[in-house]
Amino acid sequence: MNRKLKERLVFNLLRGCAALVVLMLVVILGYVVVNGVGKLSVDLFTQDPAPNRHGAMVLGGILSPIVGTLLLMLLVLVIAIPVGVLGAVFLVEYWGNSRWARLWWLVVNNLAGVPSIVWGLLGVALLVYYLNFGLSLIAAGMTLSLLVLPIIMVATREAIEAVPPSIYEASVALGATKFQTIRHHILPYSSSGILTGTILALSRAAGETAPLLLTGVAVNASIPDGLFSKFQALPYYIYLMTQTADRSAAIPMAYAAALVLILIIVGMNLVAVALRNSSRKKYRW
Amino acid sequence: MAVKLKRSKKAGNAEEGTAKVLLFACALVSLLTLGLVFIFLLGNSLPFFQSNDLWAFLTGKVWQPFSDYPSYGVLPLLMGTILVSLVAALIAIPIGVGCTVYLSEIAHPRVKQVLKPVIEVLAGVPSVVYGLFAALVLSNWIADLFHPLARLNALNGALILSVMMIPILVSVAEEAMNAVPGSLREASLALGATRWETIRRVVIPASLPGIMAAIVLSVGRAVGETMAVIMATGSATQFTTSILDSVRPITAALAIDVPESVAGSMQYYSLFAVGLLLFVITFAINLIADYVLARYKEAYA
């Protein structure tokens, strides 16, 4: 009886841990939603941030930060996704489980754990100064691309490895070459998994702030007119609003921008989850 | 006909070769990236180490790169990182492991369906939003409870970091617990053990390496986290061991000082030396986690 009682006690404790985790999410998101929702208006999405009479950018809307973040995501989509997906395809399909491939994946896994600020340092040293891009949208976009590359590669690997080997064998047995098999069978069947990884990588890029601080985000930048202009970004705007002296005007803007950022990111995450679930129904091996 | 077939095969071979080279080039980017990180961190911190003593850098208690009489002691920054990450780990490990055990062993499938997305969303919330919450809400709660001298302090950073560590810890550790074969649990239950006894004596020992790796990985995340830490800890560059003082961890120092410094100046090089230190620490942490996981996977293969 004593043992049963102990079990009940411990189980309730563990249940409490889980409840605490749920509570954390509810409280944090709750604060952002409750404090941010009142500021949502048409002006918020159609105006650039504007200075008040002390020069703090607490007036206007958040158009240029939103556009800046979307442009960064676009750059990551164009640069990192093809390189990451094709690179992972090579490692899985051509090198398989060889010793070199395993070592290579060790490197990729470790790259995924490199702090974002270190990517920022690489961005400054390599892109901003060595390649002379200056503080610019392209330097930040490429830095973020390097940052999410390992995430895309790992997701692609998992998606490809989920395709049963019999599909590959059947295709090769019918005389298809390796590349034909990859193009017509492996990639289509793993595409929903790859897409899920892509979306998650993009949402990660949208929320990153630290590398932007070093590579060209600017307080008063409007919508960039080229790849080499400075830019604003949503997460940086949030950071800026918490550092401003005029707290009564800045804090509601910080919450509103955080709400918009969360809506973008959570929205993308939900799409990724939905895709994953629908593909599970579509293919049953 | 035969000739035609031969030619198309040749064309196919050429295509095959080009594709392979192209894919290889894409894969190479990842390896190249690691090389570039090494080269540029080392290259830019070399001028600093040539004119400054490595020992003074590692043990100096004053970090004032922009002063007229600059001092490059990294200890205040290192201490800030250690203080914040250590306390965060002490909070996150029990809650995270408890949540993992509940999720993997106890929770009803329907509860799981809610809990797992919650943890995924928690992992997806950008660090700047956590920082916002810490700076505007959590700091007030701490001020009411402990009356610290600094409104933004190390405890604030540690608490918000612990929230950020939990989703990583849970997702990696849960995978390890799921990998424990069901037959082990059934054998234990059949011998008359209760479910809790089975968890404690069978499931947890069997998945311990995975749990350890999860803990190590989440600590790595805490050490490398930047935005939440800047916004939560107040960024005072003092050497302190008090959890209620304001601190500036390594990541915060990099994010704040690099944009201020002029490229090619000694401040700039000193910051790359700090970056190199951070990179070495996190890389070592990740390698340890990889090693533990690899050993553990072999055990169950």
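The rules behind these values
Residues numbered from 1 in each chain as written. Chains lettered and ligands numbered in written order. Predicted model: local features only at pLDDT ≥ 70, side-chain atom pairs only at ≥ 80, totals over all residues. Helix = DSSP H or I, 4+ residues; strand = E, 2+ residues; numbered from the N terminus. Rg over C-alpha atoms; globule rule 2.2 N^0.38 Å. Buried ≥ 20, exposed ≤ 12 C-beta atoms within 10 Å, placed from the backbone. Contact = placed C-beta atoms within 7 Å. Expected span 1.5 Å × (residues − 1). Axes fitted to C-alpha atoms, helices over the stretch in contact; angles between N-to-C directions. Parallel < 35°, antiparallel > 145°, perpendicular 65-115°, else oblique. Left-handed = near helix turned anticlockwise from the far one by under 90°. Domains from an automatic or database assignment. Nonpolar A, V, L, I, M, F, W, Y, C, P; charged D, E, K, R; others polar. Core = buried A, V, L, I, M, F, W, Y, C linked by C-beta atoms within 7 Å. pLDDT = per-residue confidence, 0-100.

Points about the overall build of chain B
Of the regular secondary structure elements, chain B holds 11 helices and 2 strands. Secondary structure elements of chain B occur, N-terminal to C-terminal, as α-α-β-β-α-α-α-α-α-α-α-α-α. Its C-alpha atoms give chain B a radius of gyration of 25 Å, more than 25% over the compact-globule value 19 Å for 301 residues. For chain B, buried positions account for 48% of its 301 residues. Restricting the contact set of chain B to residue pairs at least 6 apart, pairs at least 24 apart contribute 74%.

A few points about the overall build of chain A
Scanning chain A from terminus to terminus reveals 11 helices and 2 strands. Counted from the first residue to the last, chain A has its helices and strands arranged as α-α-β-β-α-α-α-α-α-α-α-α-α. The buried share of chain A, taken over its 285 residues, is 47%. For chain A, contacts bridging at least 24 residues in sequence account for 74% of all contacts bridging at least 6.

Quick look at helix α1 (residues 2-36) of chain A
Between its terminal C-alpha atoms α1(A) stretches 51 Å, which fits the 51 Å expected from 35 residues at 1.5 Å a residue. Along α1(A), the residues that are buried comprise Leu14(A), Cys17(A), Ala18(A), Val21(A), Met24(A), Ile28(A), Val32(A) and Gly36(A).

A few points about the packing of helix α5 (residues 116-130) of chain A against helix α6 (residues 137-161) of chain A
Residue and element names in this part refer to chain A. Running from N to C, α5 and α6 cross one another at 135°; their axes reach a closest spacing of 9 Å. Classified by the angle their axes make, α5 and α6 are oblique. Considering the relative orientation of α5 and α6, their crossing is right-handed. In this structure, α5 contributes Ser116, Trp119, Gly120, Leu122, Gly123, Leu127 and Val128 to the contact, and α6 contributes Ala139, Met142, Thr143, Leu146 and Leu147.

Details of the domain arrangement of chain B
Residues and elements named next belong to chain B. One can read the domain layout of chain B as domain 1 (2-51) and domain 2 (63-300). Here the C-alpha centre of domain 2 lies 34 Å away from the C-alpha centre of domain 1. Listed by partner, the interface residues are 8 residues for domain 1 and 8 residues for domain 2. A per-class count over the side of domain 1 that touches domain 2 returns 6 nonpolar, 2 polar and no charged.

Remarks on the nonpolar core
Among the nonpolar cores identified, the biggest contains 195 residues, and Leu121(A), Ile238(A), Ala257(A), Ala258(A) and Ile160(B) are the most heavily contacted of them. A total of 17 residues in this core trace back to one element, the largest contributor, which is helix α6 (residues 154-178) of chain B. Excluding anything up to four places from it in sequence, Leu121(A) contacts Leu214(A), Leu41(B), Leu254(B), Val258(B), Phe272(B) and Gly275(B).

Considerations on the environment of Ile93(B)
Assignment of secondary structure puts Ile93(B) in helix α3 (residues 75-106). Between the C-alpha atoms of Ile93(B) and Phe38(B), which are 55 residues apart in sequence, the distance is 32 Å.

Topic: the domain arrangement of chain A
Residues and elements named next belong to chain A. Split into domains, chain A comes out as domain 1 (2-39) and domain 2 (45-282). The gap between the C-alpha centroids of domain 1 and domain 2 is 30 Å. With 7 residues of domain 1 at the contact, the number on the domain 2 side is 7 residues. Taken together, the residues of the side of domain 1 that touches domain 2 break down into 4 nonpolar, 2 polar and 1 charged.

Brief notes about the interface of chain B and chain A
Counting residues at the interface gives 70 residues for chain B and 71 residues for chain A. Considering every element that reaches the side of chain B that touches chain A, the biggest residue donor is helix α1 (residues 2-51) of chain B, with 20 residues. Of the residues that constitute the side of chain B that touches chain A, the class distribution is 49 nonpolar, 15 polar and 6 charged.

Quick word on unusual backbone geometry
Residue and element names in this part refer to chain B. In this structure, histidine 147 takes a positive phi of about 45° despite not being glycine. Mapped onto the fold, histidine 147 is located in the loop between α5 (127-146) and α6. Phi at serine 235 takes a positive value of approximately 65°, unusual for a residue other than glycine. A tally of 18 C-beta atoms within 10 Å means that serine 235 is categorised as partly exposed.

Focus: the confidence of the model for chain B
In this model, chain B carries an average pLDDT of 89, and 94% of its residues clear a pLDDT of 70 or more. Listed scores for the predicted complex are pTM 0.91 and ipTM 0.91.

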